[in-house]
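What follows is the residue order along each chain.
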Amino acid sequence: GPEPKPPAEQWSVVAEVTNAALMAVHGTSARDVWLVGADDGSGPVVLHYDGEAWRRHDTGVSGDLWWVRAFDDGTVLMAGSDSLVLRFRDGAFERLKTPGLGKTVLFGIWGMTPDDVYAVGAHAGRNGFIWHFDGAVWSELPLPDGLVLDTHNDLPIFTKAWGASADDVWVVGGRGTVMRGSRAAGFERVDSAPDDLLFTVHGNRTTGRIVV
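Structural notes, computed from the coordinates.

Criteria and thresholds
- Residues numbered from 1 in each chain as written.
- Predicted model: local features only at pLDDT ≥ 70, side-chain atom pairs only at ≥ 80, totals over all residues.
- Heavy atoms only, no water.
- Helix = DSSP H or I, 4+ residues; strand = E, 2+ residues; numbered from the N terminus.
- Rg over C-alpha atoms; globule rule 2.2 N^0.38 Å.
- Buried < 20%, exposed > 50% of the residue type's maximum accessible area, 1.4 Å probe, protein only.
- Contact = heavy atoms within 4.5 Å.
- Lys, Arg positive; Asp, Glu negative; His and termini not counted.
- Charge placed at Lys NZ, Arg CZ, Asp CG, Glu CD.
- Core = buried A, V, L, I, M, F, W, Y, C linked by side-chain atoms within 4.5 Å.
- Phe/Tyr/Trp six-rings, centres within 6.5 Å; stacked < 30°, edge-to-face > 60°.
- Lys NZ or Arg CZ within 6 Å of the ring centre and 35° of its normal.
- Patch = residues over 30% accessible without salt bridge, like charges linked within 9 Å, V, L, I, M, F, W, Y side chains within 5 Å.
- Areas by Shrake-Rupley, 256 points an atom, 1.4 Å probe, with all protein chains shown as cover.
- Salt bridge = Lys/Arg side-chain N within 4 Å of Asp/Glu carboxyl O.

**Some thoughts on the overall build of the protein**
Logical step 1: If you tally the helices and strands in the protein, you get zero helices and 18 strands.
Logical step 2: On C-alpha atoms alone, the protein measures out to a radius of gyration of 17 Å, which is about the 17 Å that the 2.2 N^0.38 rule sets for 212 residues.
Logical step 3: Once the C-alpha set of the protein is aligned to its principal axes, its extents read approximately 50 × 40 × 30 Å.
Logical step 4: Within the protein, the fraction of its 212 residues that count as buried is 42%.
Logical step 5: Once local pairs closer than 6 in sequence are excluded, the contacts in the protein between residues at least 24 apart make up 38%.
Logical step 6: Put simply, the protein has 18 plus and 28 minus side-chain charges, and the middle of one group is 2 Å from the middle of the other.

Have a look at this one:
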């Protein structure tokens, strides 16, 4: 059965890295947890917890990792700076070919299965994008009309993606940007009250409540 959750006053440090920020955590159970973070000079920090101990993995690449998504079949996708997307499966890391360039940063990655994945980010701090991965190839998806441009006609950055289902994916970002859709149906802009940077999005699949 599930392990009991500790009371708030019993939280403790379980993993600590001296020279790099830890950016994201995800896992499939209390015995399969992944932490990713910045490059500390030995490559991006990637830690895995198997229920007993933390182990650092050597990815074989350099660069910062901003987000991680673990899947039930053991596949893990990690994304970050310099167009970096890593796939871990069968005990090995693979750098996936993406549409991005050197100054492309991926801030978020989400999917329900490893062959239907969305990634969001920005090119050189502006002009956000949505990518989709079908298990073999990454492709850039068209964006809806009506997104708020800046004085240089640049698009806002996109920070995170989350899905209520594989066909109902939400994306948020700069200038109050909220989008909803999928690769098959396309994305539409959703009106939102704030016009500031929205950092993340999550929801309740049962109630349909979305929080940004």
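**Considering the nonpolar core**
Logical step 1: If you look at the biggest cluster of nonpolar residues, it comprises 18 residues, and the most contacted ones within it are Y118, I130, F158, V171, M179 and F187.
Logical step 2: No other element matches strand β14 (residues 168-173), which puts four residues into this core.

**Section: the environment of M179**
Logical step 1: Relative to the assigned elements, M179 resides in strand β15 (residues 178-182).
Logical step 2: According to the relative accessible area criterion, M179 is buried, its value standing at 0%.
Logical step 3: Considered as a pair, M179 and A20 are 159 residues apart in the sequence and their alpha carbons are 32 Å apart.
Logical step 4: Setting aside residues no more than four positions away along its own chain, M179 makes contact with I130, L143, P144, L147, F158, V169, W170, V171, F187, E188, R189 and V190.

**Digging into the packing of aromatic side chains**
Logical step 1: In the structure shown here, the tally under the stated rule is eight aromatic pairs.
Logical step 2: Their ring planes at 25° and their centres at 4.8 Å tell us that F133 and W138 sit as a pair that is stacked.
Logical step 3: For F133, a relative accessible area of 1% translates into the label buried.
Logical step 4: By way of ring pairs, the aromatic residues F129, W131, F133 and W138 are connected into one cluster.
Logical step 5: Looking at K160, its charged tip hangs above the ring of W67, at a distance of 4.5 Å from the centre.

**A closer look at a negative patch on the surface**
Logical step 1: The grouping of D72, D73, D90, D115 and D134 at the surface amounts to a negative patch.
Logical step 2: On the accessibility criterion, D134 (43% relative accessible area) is partly exposed.

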